[in-house]
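Structure at a glance
Here's the letter readout for the chains.
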Amino acid sequence: MYTAVALDGPAGAGKSTIAKRAAKELDFIYVDTGALYRTIGYAAIKNGIEPVDSPEVDELLDKITVDLTFNDNGEQVVLLNGEDVSAFIRTPEVSMTASKISAIPNVRAYLLDLQRDMAKTHSVIMDGRDIGTVVLPDAEVKIFLTASPEARARRRYKELAEKGMNVNYEDILKDVKTRDYNDSHRAAAPLKPAEGCTVVDTTELDFEQSVEKIISVIKEKI
Ligand code: DC
């Protein structure tokens, strides 16, 4: 049978890089659910639609298709209307729109089966905000990965600067705090540690230590 690891936590805690590596070592599939919300955010921007609960967003959901696939390297690729949008969904504008659009209950419902289906057909480490609480409440392992807002903003700054983006640390810290607030104060599936989860704080851990810690938590439970 398949094993599910629910990995939740705030933006920039290192979930994706840590989970990618852990998934490789355990031979699980890494599923980045934030990319799905980002894809819908991107579609809204492209269509000039405000990320608020409205008939326009419902119409958008009716007319788009979102698919999750994997390339030859085992990396996740999200398709919007059949087209790979991976290169367009990591900008600060899409981050903020994704945070807003993910508060809409119909958007969350739209993505629910897609996420659950992945765990029915693979052993997964699924990274998100509500995986342990809503998407996979029966996951064998539930981890809440966090770090201080400043540590997370520093990491995000480094990541974007390395990609050649022109970014400012204070702006990123403000974005991190705004997204934390949005993600944890929304009515629909707010970000919060799942019952019985293991909380891992990476503020004082480097990447290798974080990976080691996550793998040891997973191995302990399965
Ligand atoms: O993990 P990320 O930063 O790529 O996620 C983008 C946005 O999507 C984030 O602001 C919160 C939202 N999100 C969510 O509401 N539920 C998830 N399971 C994953 C992401």
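As shown above, the structure is provided for reference.
All of the points below concern the structure found in this document. (Residues numbered from 1 in each chain as written. Predicted model: local features only at pLDDT ≥ 70, side-chain atom pairs only at ≥ 80, totals over all residues. Heavy atoms only, no water.)

**Overview of the nonpolar core**
Burial of nonpolar side chains together is a common tendency in soluble globular proteins. What counts, and what does not: To form a nonpolar core, buried Ala, Val, Leu, Ile, Met, Phe, Trp, Tyr and Cys residues must be joined to one another through side-chain atoms within 4.5 Å. Only protein chains enter the calculation, and the probe is 1.4 Å; a residue is then buried if its accessible area is under 20% of its type maximum, exposed if over 50%, and partly exposed in between. Under the DSSP-based scheme used, a helix requires at least four consecutive residues in state H or I and a strand at least two consecutive residues in state E, with every element numbered from the N terminus.
Counting residues in hydrophobic clusters, the biggest one holds 35 residues, and the most contacted among them are Ile40, Val107, Met126 and Leu136. Per element, the largest residue contribution to this core is 7 residues, and it comes from helix α2 (residues 34-46). One finds Tyr30, Val141, Val200 and Val211 within the second-largest nonpolar core, a separate group that totals 20 residues.

**Some remarks on the packing of aromatic side chains**
Note the threshold: Pairing of aromatic side chains requires ring centres within 6.5 Å, counting the rings of Phe and Tyr and the six-membered ring of Trp. Pairs whose planes differ by under 30 degrees are stacked, by over 60 edge-to-face, and all others tilted.
Inspection of the entire model under this criterion finds 1 aromatic pair. For the ring pair tyrosine 42 and phenylalanine 88, a centre distance of 5.6 Å and an interplane angle of 10 degrees mean the geometry is stacked. Within this pair, whereas tyrosine 42 is found in helix α2, its partner phenylalanine 88 is found in the loop between β5 (83-84) and α4 (92-101), the two being separated by 46 residues in sequence. What makes phenylalanine 88 partly exposed here is its relative accessible area of 37%.

**Some details on the environment of glutamate 204**
Assignment of secondary structure puts glutamate 204 in the loop between β8 (198-201) and α9 (207-221). Put simply, glutamate 204 and serine 148 are 56 residues apart on the chain and 9.4 Å apart in space, counted from C-alpha to C-alpha.

**Remarks on the packing of α2 against helix α5 (residues 105-121)**
Packed helices, taken two at a time, are described by the angle between their axes plus the distance between the axes. Rules: Geometry is summarised by axes, namely lines fitted to C-alpha atoms with helices restricted to the contacting stretch, and by angles between N-to-C directions that run from 0 to 180 degrees. Roughly parallel covers angles under 35 degrees, roughly antiparallel covers those over 145, roughly perpendicular covers 65 to 115, and oblique covers all other angles. By definition, any crossing whose near helix is turned counterclockwise from its far helix by less than a right angle is left-handed, and any crossing with a clockwise turn is right-handed. By definition in these notes, contact holds between two residues if any of their heavy atoms fall within 4.5 Å. Residues are grouped as follows: Ala, Val, Leu, Ile, Met, Phe, Trp, Tyr, Cys and Pro are nonpolar; Asp, Glu, Lys and Arg are charged; every other residue, Gly included, is polar.
Across the interface, α2 lies against α5 with an axial gap of 11 Å and an inter-helix angle of 135 degrees. Viewed along their axes, α2 and α5 adopt a mutual orientation that is oblique. Both α2 and α5 take part in a crossing whose hand is right-handed. Of the residues in α5, those touching α2 at Leu36, Tyr37 and Ile40 are Val107, Arg108, Tyr110, Leu111, Leu114 and Gln115. Of the residues that constitute the contact of α2 with α5, the class distribution is 7 nonpolar, 1 polar and 1 charged.

**Quick notes on the site of the ligand**
Definition in use: Being near a molecule or strand, for a residue, means having at least one of its heavy atoms within 4 Å of it. As used in this structure description, the phrase polar contact means that two N or O atoms lie within 3.5 Å; if the pair is within protein, one of them must be able to donate a hydrogen and the other to accept it, and residues adjacent in sequence are counted only when both atoms belong to side chains. Only the protein chains shown count as cover for residues, and the accessible areas themselves come from Shrake-Rupley with a 1.4 Å probe.
Close to the ligand lie 16 residues; Thr33, Arg38, Arg108, Arg129 and Arg186 are nearest. Between the ligand and arginine 108 there is a distance of 2.8 Å, counted from an oxygen atom to a side-chain nitrogen or oxygen. A distance of 3.0 Å separates a nitrogen atom of the ligand from a polar side-chain atom of aspartate 130. The fraction of the free accessible surface of the ligand (440 Å²) that becomes covered by protein chains is 97%.

**Topic: empty space enclosed by the protein**
Our working rule: Here the term cavity refers to a set of points on a 1 Å grid, laid over the protein atoms alone, in which a 1.4 Å probe fits but cannot get out; the term pocket refers to an open set having protein on both sides within 12 Å along at least five of seven lines, with lining residues being those that place an atom within 4 Å of a point. Grid points are joined across faces, edges and corners, and a volume is the space filled by probe spheres set on the points.
Per the stated rule, a full pass over the model turns up 1 cavity of 30 Å³ or more. Roughly 30 Å³ of volume is contained in the largest cavity. What lines the largest cavity is Ala6, Asp8, Gly132, Lys142, Ile143, Phe144, Pro193, Ala194 and Cys197. Listed by contribution, the elements that provide at least two residues to the lining of the largest cavity are β1 (4-8) and β7 (141-146). When residues of the lining of the largest cavity are assigned to their parent elements, the largest contribution, 3 residues, is made by β7. Per-class residue counts for the lining of the largest cavity are 6 nonpolar, 1 polar and 2 charged.

**Topic: α4**
The buried count for α4 comes to 7 of 10 residues, which makes it a mostly enclosed element. Looking only at α4, the buried set comprises Val94, Ser95, Met96, Thr97, Ala98, Ser99 and Ile101. Elements that come into contact with the buried residues of α4 comprise α2, α5 and α8 (169-185).

**Quick look at the packing of α4 against α8**
Axis separation between α4 and α8 bottoms out at 9 Å; the angle between their running directions is 20 degrees. Relative to α8, the element α4 is oriented roughly parallel. For α4 against α8, the interelement crossing comes out left-handed. Only Asp175, Thr178, Arg179, Asn182 and Asp183 of α8 make contact with α4, whose side of the interface consists of Pro92, Ser95, Met96, Ser99 and Lys100. Class assignment for the residues of the contact of α4 with α8 results in 2 nonpolar, 4 polar and 4 charged.

**Description of the pairing of strand β4 (residues 76-80)**
As a reminder of what qualifies: The rule for pairing is simple: two strands pair if DSSP sees at least two bridges between them.
A large share of β4 lies buried, amounting to 5 of its 5 residues. Neither face of β4 is open: one carries Gln76, Val78 and Leu80, the other Val77 and Leu79, and all of them are buried. As defined by bridge partners, strand β3 (residues 66-70) adjoins β4 across 5 bridges and the pair is classed as antiparallel. What sits directly across from valine 66, in β4, is leucine 80. Where β3 hands over to β4, the hairpin turn is made up of 5 residues, of which glycine 74 adopts a positive phi near 80 degrees.

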